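Coordinate inspection notes
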Amino acid sequence: MTDQVKSRQRVQDHGEVFTNEREVNAMLDMVKQETERIESRFLEPACGDGNFLAEVLRRKLAIVNARYRRSLSEYEKYTFIAVGSIYGVELLYDNAVTCRERLFSIVEGDYLRVCRKNSTPGFLDAIRYVLERNILNGNALSLKQVDESCADTEEPIIFSEWSIVTGDKVKRRDFRLDEMLEGSADQVQFALFGSSGTPTSEWEFDDETGAMIPKPIWEYPMMSFYEVQNNE
Ligand SMILES: C[S@@+](CC[C@H](N)C(=O)[O-])C[C@H]1O[C@@H](n2cnc3c(N)ncnc32)[C@H](O)[C@@H]1O
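Scope of this entry: the structure provided in the associated data block. (Residues numbered from 1 in each chain as written. Predicted model: local features only at pLDDT ≥ 70, side-chain atom pairs only at ≥ 80, totals over all residues. Heavy atoms only, no water.)

**Remarks on the nonpolar core**
Applicable threshold: What makes a nonpolar core is a set of buried Ala, Val, Leu, Ile, Met, Phe, Trp, Tyr and Cys residues whose side-chain atoms join them at distances within 4.5 Å. Throughout, exposure labels follow a simple rule: accessible area from a 1.4 Å probe, protein chains only, divided by the maximum for the residue type, with under 20% read as buried, over 50% as exposed, and the rest as partly exposed. Put simply, DSSP H or I for four residues or longer makes a helix, DSSP E for two residues or longer makes a strand, and each gets a number counted from the N terminus. Two residues form a contact once any of their heavy atoms are found within 4.5 Å.
Judged by nonpolar contacts, the single largest core of 50 residues is most densely connected at Leu57, Phe80, Leu103, Ile127, Trp162 and Val228. If you tally residues by element for this core, the top one is helix α4 (residues 51-68), at nine residues. Among residues more than four places away in sequence, those in contact with Ile127 are Thr79, Phe80, Val83, Phe104 and Val107.

Here is the structure:
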């Protein structure tokens, strides 16, 4: 049995075979420019324990480190943006937890080297909170959150968008993943069939992405990114 497989049972039940590092890098190199763009969004719908997401984060943080390590506040802001743009869904609870922990350790290791014991209160707590919101234990087929036995709950998968507006101020908007996916299907239909393909969900034009997106289910007041964890 290799590190890519935890047990035959898990392979049979959930198709759990992890991708090795060489393949992860080869695949990410196909979108190299995006992996090195700090704010570019990645969503992995069956992220396992985070082989792809960890490498995306490492690549983004290498850029953050090269550009901003001389200013701790800038370093923190761009690290927040890098983490806030990485999303994952994973069916198995232990994998989802490991994935979050793994991403957190990568940030923490880099951060403690850069801040040299002068860490800003709240920063690592905020990172941990964002990872809890962004890496979800869910079913990427039903688009529901699951319980620890992998059964669907009534709760839809809801992701938060984290947009830095100015200085350390961040705007959080929550979206249902099913609506976002339905929105993109509608958008394709609309593009192909014109007005006969009128979208079913309410959409709005998003300046940041330059695309039509569904309305958020919740918008939070602007807050400092050091304090996002205090919001609930
Ligand atoms: C082939 S593994 C790949 C894991 C990881 N992406 C990697 O490349 O190392 C597939 C993963 O999908 C998860 N999975 C299976 N069905 C799923 C579903 N319906 N929704 C979300 N995750 C699922 C499994 O638990 C497993 O971790």
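**Looking at the environment of Ser105**
By the secondary structure assignment, Ser105 is in helix α6 (residues 93-115). Exposure remark for Ser105: the relative accessible area of 41% places this residue in the partly exposed category. In this structure the C-alpha to C-alpha distance between Ser105 and Arg128, which are 23 residues apart in sequence, comes to 9.8 Å.

**Overview of the sheet that holds strand β3 (residues 135-139)**
Applied cut-off: Think of it this way: DSSP has to see at least two bridges between two strands before they count as a pair. Angles run from 0 to 180 degrees between N-to-C directions of axes, and those axes are lines fitted to C-alpha atoms, restricted for helices to the stretch in contact.
Read from one edge to the other, the open sheet built from five strands follows the order β1-β2-β3-β4-β5, with strand pairing classed as mixed. The sheet is open, and its two borders are formed by β1 (42-44) and β5 (152-156), each paired with just one other strand. Pairs of neighbouring strands in the sheet enclose a mean axial angle of 45 degrees, with direction left out of account. Of the strand pairs in this sheet, β1 and strand β2 (residues 86-90) are connected by three bridges, and their pairing is parallel. Counterpart to Leu43 in the pairing with β2 is Tyr87. Each of β2 and β3 is contacted by α6, which is oriented at about 160 degrees to β3, the strand it contacts most. Packed on one face of the sheet, helix α7 (residues 123-134) meets β2 and β3 and runs near 15 degrees to β3.

**A look at the pattern of salt bridges**
What counts here: Here, a salt bridge means any Lys or Arg side-chain nitrogen found within 4 Å of an Asp or Glu carboxyl oxygen.
Applying the stated criterion across every chain yields a total of 18 salt bridges. One salt bridge in this structure joins Arg10 and Glu16, with 2.6 Å as the shortest N-O distance. Arg10 is paired through a salt bridge with Asp94; the nearest N and O atoms lie 2.9 Å apart. Of this pair, Arg10 sits in helix α1 (residues 8-14) while Asp94 is found in helix α6, placing the two residues 84 residues apart along the sequence. Relative accessible area serves as the criterion here: at 33%, Asp94 is assigned to the partly exposed category. Taken together, the shared-partner salt bridges connect Asp29, Glu55, Arg58 and Arg59 into one network.

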